[in-house]
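# Notes for the structure review
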Amino acid sequence: MNKLATIDLDRRQVTVEEIAPDLRRRFLGGRGINTHLLFHAVDEHTDPLGPGNVLLFGTGLLTGLPWVGASRSSFSAKSPETGHLGDSAGGGHFGAEVRFAGFDHLVLRNRAAEPVYLWVHDGQIELRDARHLEALTLTDTQDAIKHELGDTRVQVAAIGPAGRRCVRWACIMHTMADAWGRTGMGAVMGSKNVWAIAARGGATLPVADPAALAKVTRTHYEQITRSKGFLATSSYGTLVRLNNTRTQGYEGGFNHQRNMTELPGELDADVFLDRYEIAKTACFNCPTHCRHVHEVTLRDGTRRRGGGPEYGGAGGWGSQCGAADWRTILEAWDYCNDMGLDVLSATAYTAWLMELYEKGVIGEADTGGLSLRWGDHDAIMGVLRQTVERRGIGALIAEGWMHAARAIGRGAERFFDHVKGLSIECDDVRGHRAQVLGLATSSRGACHLRSRYTLEEFALPSSVTEALIGVPIPSDAASYHNKEHATVWTENVCALADALGACKFLSKWLSTGLLGVDEFRDAVEAATGMRFTTEELVRVGDRIYNMERLFLVRQGMSRKDDAPPAKFYEPWTHGPRAGTRVEREPFEALLDRYYALRGWDGDGIPTPEALRALGLEREGALVASARGPGRC
Ligand code: SF4
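Residues numbered from 1 in each chain as written. Predicted model: local features only at pLDDT ≥ 70, side-chain atom pairs only at ≥ 80, totals over all residues. Heavy atoms only, no water.

## Examining unusual backbone geometry
Where we set the bar: Secondary structure elements are taken from DSSP: a helix is a run of H or I of four residues or more, a strand is a run of E of two residues or more, and numbering for both begins at the N terminus. Exposure is judged per residue with a 1.4 Å probe applied to protein chains only, and the accessible area is read against the type maximum: over 50% gives exposed, under 20% gives buried, and values in between give partly exposed.
In this model, Gly 308 is joined to Pro 309 through a cis peptide bond whose omega is 10°. Within the secondary structure layout, Pro 309 lies in the loop between strand 15 (303-307) and helix 11 (311-320). Positioned with a positive phi, Arg 12 is a non-glycine residue whose angle comes to about 55°. Its place among the elements puts Arg 12 in the loop between strand 1 (3-8) and strand 2 (13-18). Here Arg 390, not a glycine, exhibits a phi torsion of approximately 50°, which is positive. Inspection of the secondary structure puts Arg 390 in the loop between helix 14 (377-389) and helix 15 (392-397). A residue is classified by how much of its surface remains accessible, and Arg 390, at 28% relative accessible area, is partly exposed.

Below, the structure written as structure tokens:
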């Protein structure tokens, strides 16, 4: 236990070391320790798809322990999609199984001479030939490895054809629909010639105080299952957002040209549950079972089963690409999962191409003959297939939207909605000021899972938010007042959850009745014996966020990169809040207050004082020497 294994793929050597207590205390695990390792392993010159990049896998401090929903783990690397911080958290059972096999963190260095998969079991790591997996989809890859190892309980994280061909926004998958989706971690794995990691182990994880952990877990289980958040999530999963955003006027449509669409009513979570869902599943030790299993008859008459979908795919191919039927959405969703394409990037890239086609920026000569009309099934599937096969317009977007925009020219980049190179999600949050700020400041680029102040959508009384955050946050989503506190709180708590391996869907990030930092503190103490105050735990999240910021500053980023997409400065076109837009002056003032609260200067650079308070002086000095004076 408490082991970090470094796998030199070139030399086929495995080195195992203990994780130092100080590193544990300062960064806990998962995204936290990954961020520390990544900062020191690469620099601003590292080629994301070259052997000098590292691929880090990290289980959370609590992952695999008998605590509610302790399932999450993170892959991190320099991103081949954005060129800067790459990091993605996923659930399922893989992280827990890696710990049962004896490891907490894996560091993949260099590149294997031939395709391999890693077999992690009972304190050992083997490199095994993977060439026979070349023609397989992701589900078949996982099945083939389990068959080969003779144990269906083996848990596998793998890449599909997209990752093997280094599509820059390829993901890593586990089961039918658990993904480490964003920032192209599948491409990094593919660039290392590692096609999967399989894990199985029989170890019992040590618990500092088993009786206390059992009591804490029982209390947290009851707290979760009594909450309104549980009711919504266990019934609808993330699809609850499909209905919420439609009824509240910010579903986002046609590549964010509109805030609402008039697509037919089929695009509704209840329709999906009634017609297509056949079961629900859950991640390790989670009572919420928010994951759908569906069956659908495709247009060619094939009946198929898949996992999911999540809201990002349903809204992305729905309102953003104009597909008004579940069959198209589910076919596209399943294809991405089979091939290992990140669904959020896939929907954003497709919607972007459709707007370019609508505006005449590209035509069929550019698209490999595809007519990219909104909602067209063949257009959507054609874009996805061309990407995996690296042909037609797919050959361009496989290299990322920035490369494609340069190749297309004609101002194509103006129509891609992103922050720091990562596409924004399908919903349109320009009317929610803390959420806009979080989009702009999110460390891996646009991201709902590390910077979205979700509670802003519930018009909570300020007395409730004051009790939670320490400062009253206006219940009016359109107000800019005090929203910097909401965003900083969100970013720190999300970083903390990712370091613990806790699921945010079970936390106050989603609903005030769920678990908060006090509950995290009790679980950490019972499970590990490590004592923290609530404030100290929040400071760990703060430290992780600042470490990520230093990574970005070293890449040359600053205030100029903390900006919402240009379309957010244009007014909403439809619904009761038509006319709502981001106003430049109040937004810039909000950003100033956010920087001041974080202890960053007016250009968004962490000050030496702020870094000293977090124990990050050494990293600050490294960035200053790379970027010059005034850069930490
Ligand atoms: S709430 Fe859903 S995503 Fe989170 S751990 Fe439970 S089943 Fe997994």
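## Looking at the site of the ligand
The test is simple: Summary of the distance rule: residues count as near a molecule or strand when at least one heavy atom falls within 4 Å of that molecule or strand. Classification used: nonpolar for Ala, Val, Leu, Ile, Met, Phe, Trp, Tyr, Cys and Pro, charged for Asp, Glu, Lys and Arg, polar for all others including Gly. Those domain boundaries reflect an automatic or database domain assignment.
Around the ligand lies a shell formed by Ser 71, Ala 282, Cys 283, Cys 286, Thr 288, Cys 290, Arg 291, Cys 503, Phe 505 and Leu 506. Partitioning the shell around the ligand into residue classes produces seven nonpolar, two polar and one charged. Here the shell around the ligand spans two domains, and each of domain 2 (238-423) and domain 3 (433-513 + 533-627) adds at least three residues to it.

## Some remarks on the sheet that holds strand 13 (residues 277-281)
Here is the rule: In this description, strands pair whenever DSSP reports at least two bridges between them. Lines fitted to C-alpha atoms define the axes here, with helix axes fitted over just the stretch in contact, and angles between the N-to-C directions of these axes take values from 0 to 180 degrees.
Taken in spatial order, the three strands make up an open sheet running 13-14-15, and their pairing is antiparallel. Because the sheet does not close on itself, it has two edges, and the strands there are strand 13 and strand 15. Neighbour-to-neighbour, the strand axes of the sheet open up by a mean angle of 20°, direction not taken into account. Pairing of strand 14 (residues 291-297) with strand 15, which is carried by five bridges, proceeds in the antiparallel orientation.

## Let's talk about the packing of helix 13 (residues 343-358) against helix 16 (residues 401-408)
The following threshold applies: In this scheme, roughly parallel covers angles under 35 degrees and roughly antiparallel covers those over 145, while 65 to 115 is roughly perpendicular and the rest are oblique. A crossing counts as left-handed when the near helix is turned anticlockwise from the far one by less than a right angle, and as right-handed when that turn is clockwise. Contacts: residue pairs with any heavy atoms within 4.5 Å of one another.
For the pair helix 13 and helix 16, the least separation of the axes is 12 Å and the interaxial angle reads 15°. In terms of axis orientation, helix 13 runs roughly parallel to helix 16. Where helix 13 crosses over helix 16, the two elements pack in a sense that is right-handed. Residue-level inspection shows Tyr 349, Trp 352 and Leu 356 of helix 13 in contact with helix 16, the latter providing Trp 401, Ala 404, Ala 405 and Ile 408. Partitioned by chemical class, the residues of the contact of helix 13 with helix 16 number seven nonpolar, no polar and no charged.

## Some remarks on the sheet that holds strand 2
Ordered in space as 2-1-6-3-4-5, the six strands form an open sheet in which the pairing is mixed. In this open sheet, the two edge strands, each paired with only one partner strand, are strand 2 and strand 5 (85-90). Direction aside, neighbouring strands of the sheet carry axes that sit 15° apart on average. Where strand 1 meets strand 2, six bridges bridge the pair, whose relative direction is antiparallel. Across the sheet, the residue bridging to Ile 7 is Val 14, located in strand 2. Those strands touched by helix 2 (residues 30-41) are strand 1, strand 3 (55-59), strand 4 (73-78), strand 5 and strand 6 (105-109), and its axis lies near 15° from that of strand 4.

## Focus on the domain arrangement of the chain
How big an interface is tends to be stated in terms of accessible area lost as the parts join. Inclusion rule: Joining two parts hides part of their accessible area as seen by a 1.4 Å probe, and the buried area is that hidden amount summed over both. When a carboxyl oxygen of Asp or Glu lies within 4 Å of a side-chain nitrogen of Lys or Arg, that pair is called a salt bridge. Polar contacts, as used here, are pairs of N or O atoms within 3.5 Å; protein pairs need one atom able to donate a hydrogen and one able to accept it. Residues neighboring in sequence count only if both atoms are side-chain atoms.
Each assigned domain of the chain is listed with its residue range as follows: domain 1 (3-200), domain 2 (238-423) and domain 3 (433-513 + 533-627). Computed from C-alpha coordinates alone, the two centres of domain 1 and domain 2 are separated by 26 Å. Each partner contributes residues to the interface: domain 1 has 37 residues there, and domain 2 has 36 residues. Across the domain 1/domain 2 interface, buried area totals approximately 2,800 Å², and carbon plus sulfur atoms make up 58% of it. By the criterion of area lost to domain 2, the three top residues of domain 1 are Trp 169, Met 176 and Arg 182, representing 28% of everything that side buries. The interface formed by domain 1 and domain 2 holds three salt bridges in total. Notably, a salt bridge pairs Arg 168 with Glu 399, separated by 3.1 Å at the nearest N-O pair. Between domain 1 and domain 2 we count 22 residue pairs in polar contact (both at pLDDT 80 or more) in total. Residue assignment for the side of domain 1 that touches domain 2 shows that the elements contributing at least two residues are helix 3 (94-100), helix 4 (138-149) and helix 5 (161-164). Residue contributions to the side of domain 1 that touches domain 2 peak at three residues, all from helix 5. For the side of domain 1 that touches domain 2, the per-class residue count stands at 18 nonpolar, 14 polar and five charged.

## Details of the side chain of Asp 178
Here Asp 178 lies in strand 11 (residues 178-180). A polar atom in the side chain of Asp 178 sits 2.8 Å from the side chain of Thr 175. A distance of 2.4 Å separates polar atoms of two side chains, one belonging to Asp 178 and the other to Arg 291. With sequence-adjacent residues up to four places away left out, Asp 178 is seen in contact with Gly 91, Gly 92, Ile 172, Met 173, Cys 283 and Arg 291.

## A look at the pattern of salt bridges
Following the criterion strictly, the structure yields 55 salt bridges and no others. Glu 310 serves as the salt-bridge partner of Arg 291, at 3.2 Å between the closest nitrogen and oxygen. Here Arg 291, found in strand 14, pairs with Glu 310, found in the loop between strand 15 and helix 11; they are 19 residues apart in sequence, far enough to count as distant. One exposure class covers both Arg 291 and Glu 310, and it is buried. Residue Lys 359 is joined to Glu 355 by a salt bridge in which the shortest nitrogen-to-oxygen separation is 2.7 Å. On the accessibility criterion, Glu 355 (2% relative accessible area) is buried.

## Examining helix 17 (residues 433-441)
The element helix 17 is largely enclosed, with a buried count of nine among its nine residues. By the burial criterion, the buried members of helix 17 are Arg 433, Ala 434, Gln 435, Val 436, Leu 437, Gly 438, Leu 439, Ala 440 and Thr 441. At its buried positions, helix 17 is contacted by helix 9 (240-247), strand 16 (418-419), helix 19 (483-500), helix 21 (534-554) and helix 22 (584-598).

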